[in-house]
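If you want the building blocks of each chain, they are given just below.
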Amino acid sequence: MCGRTRLSRTLLWVRCQLILFEKHYHLAKLAKEAVVREARDEDFPSIWKIFRKVVGEGEYTPTIRSDNTPDGHEYSLHEEDDKKKFIAVLCEIEGQVVGYATVEESMWNLSRHAGELGIAVLPQFRGIGVGSALLDSVLGVASDEGFKKVNLSVFHTNKHAINLYKRFGFKKVGRKSKQFYLKGSYIDEILMEKFIGPL
Ligand SMILES: CC(C)(COP(=O)(O)OP(=O)(O)OC[C@H]1O[C@@H](n2cnc3c(N)ncnc32)[C@H](O)[C@@H]1OP(=O)(O)O)[C@@H](O)C(=O)NCCC(=O)NCCS
């Protein structure tokens, strides 16, 4: 599920990487520039803060409670599987980290070509193109890193996210009916995929 991705891997992953990626986007609605770049070690608290914020909204992810996530840094130091590929990019506007996107390698040995997308933008920066910039960047980096396809799952009620994914060529490939129960209503889980490299 998007946004639930294990951010803890970021720390271990970025430690052994140089900065490989940075791209600038013009956000017309804000008349400002956004910088999307790969996350560094010291970005981890900012990313974690956004993750917790979105979880705390209780609208977009099955991880409802924001108070049961352990402290970011301590948790990340105890990551059990550092062999999986994990890509993390973030978006900065005037130096403030306003969103991030991740692609995490599948847990299955036979699905190492496939990654799972996670994405989140701070509420006050949504609807102005940050998610599009993040998606554009993370898919490019994922392709460069050898991923062939990216999967995601999303609540059927999350229309903004679904529209964004469709715009980037994700196809709906499945639906788990009434998979989640949130605030008195059942929610379907929509499964989507996009091929990003030759098989
Ligand atoms: C989904 C999400 C990452 C999209 O990021 P974003 O920065 O809002 O994305 P963009 O601005 O590039 O595009 C969002 C689309 O929704 C529209 N939109 C309008 N108002 C919006 C709003 N208040 N919030 C989000 N999108 C809005 C945008 O105009 C755009 O439409 P388009 O695709 O027809 O151009 C962001 O809304 C978010 O973090 N949501 C909460 C967490 C979440 O749902 N994560 C994904 C779970 S699978």
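For clarity, every value in this text was computed on a predicted model and none was experimentally measured. Per chain, residues are indexed from 1 in the order of the written sequence. Owing to the predicted nature of the model, reporting of local features is limited to residues with pLDDT of at least 70; listing and counting of side-chain atom pairs is limited to 80 or more, with chain, interface and lining totals taken over all residues.

A. Representation of the overall build of the protein chain within the structure. Helix and strand content of the protein chain: 5 helices and 8 strands. The helix and strand sequence of the protein chain, counted from the amino end, reads α-β-β-α-α-β-β-β-α-β-α-β-β. Partitioning the contacts of the protein chain with sequence separation of at least 6, the portion at a separation of at least 24 is 66%. Only DSSP runs of H or I reaching four residues or more are called helices, and only runs of E reaching two or more are called strands; each is numbered from the N terminus. Any pair of residues counts as being in contact when their C-beta atoms, constructed from backbone geometry, are within 7 Å of one another.

B. Layout of the sheet that holds strand β2 (residues 32-38). Judged by pairing direction, the sheet is mixed, and its 8 strands sit side by side in the order β1-β2-β3-β4-β5-β6-β8-β7 without closing on themselves. Two strands close off the open sheet at either side, each with one partner strand: β1 (22-27) and β7 (171-182). Each strand axis lies, on average, 25 degrees off the axis of its neighbour in the sheet, ignoring direction. Strands qualify as paired when DSSP identifies two bridges or more between them. As paired strands, β7 and strand β8 (residues 185-195) are joined by 8 bridges and run antiparallel to one another. The residue of β8 that forms the bridge with G174 is L191. Every axis in this analysis is a line fitted to C-alpha atoms, fitted for helices over the stretch in contact. Angles between the N-to-C directions lie between 0 and 180 degrees.

C. Here's a closer look at the pairing of β2. Sheet topology places β1 next to β2; 6 bridges connect them, and they run antiparallel. Note that in β2 the partner of Y25 across the bridge is A34. Connecting β1 to the next strand, β2, in antiparallel fashion are 4 residues, including A31 with a positive phi near 55 degrees. Note: β2 against strand β3 (residues 86-93), 5 bridges, orientation antiparallel. Among the inter-strand pairings, E38 is bridged to a residue of β3, identified as V89.

D. Representation of the environment of A133 in the model. Counting through the fold element by element, A133 comes out in helix α4 (residues 130-144). Exposure remark for A133: the 23 C-beta atoms within 10 Å place this residue in the buried category. Remark: the alpha-carbon pair of A133 and K23, spanning 110 residues in sequence, is separated by 8.8 Å. Those residues within four positions of A133 in sequence are excluded, and the remaining contacts are Y25, A34, V36 and C91. In this scheme every C-beta is placed from the backbone, and a residue whose C-beta has 20 or more other C-beta atoms within 10 Å is buried, one with 12 or fewer is exposed, and one in between is partly exposed.

E. Representation of α4. In this scheme, a helix's expected span is set at 1.5 Å multiplied by one less than its residue total. Compared with an ideal rise of 1.5 Å per residue, which puts 15 residues at 21 Å, α4 spans 21 Å between its outermost C-alpha atoms and is within 8% of the ideal. Those residues of α4 lying buried are V130, G131, A133, L134, L135, S137, V138, L139 and A142. The first or second residue beyond α4 is G146, which carries a positive phi of 100 degrees.

F. Spotlight on the environment of E105. Here E105 is to be found in strand β4 (residues 96-105). When the 22 C-beta atoms within 10 Å are taken as the criterion, E105 is described as buried. The sequence separation of E105 and K84 amounts to 21 residues, and the corresponding C-alpha distance is 5.7 Å.

G. How the structure looks around unusual backbone geometry. Even without glycine at this site, A31 takes up a positive phi of about 55 degrees. One non-glycine residue, E94, adopts positive backbone phi at about 45 degrees. Of note, E94 is situated in the loop between β3 and β4.

Scope: geometric values only; no functional claims are made or implied.
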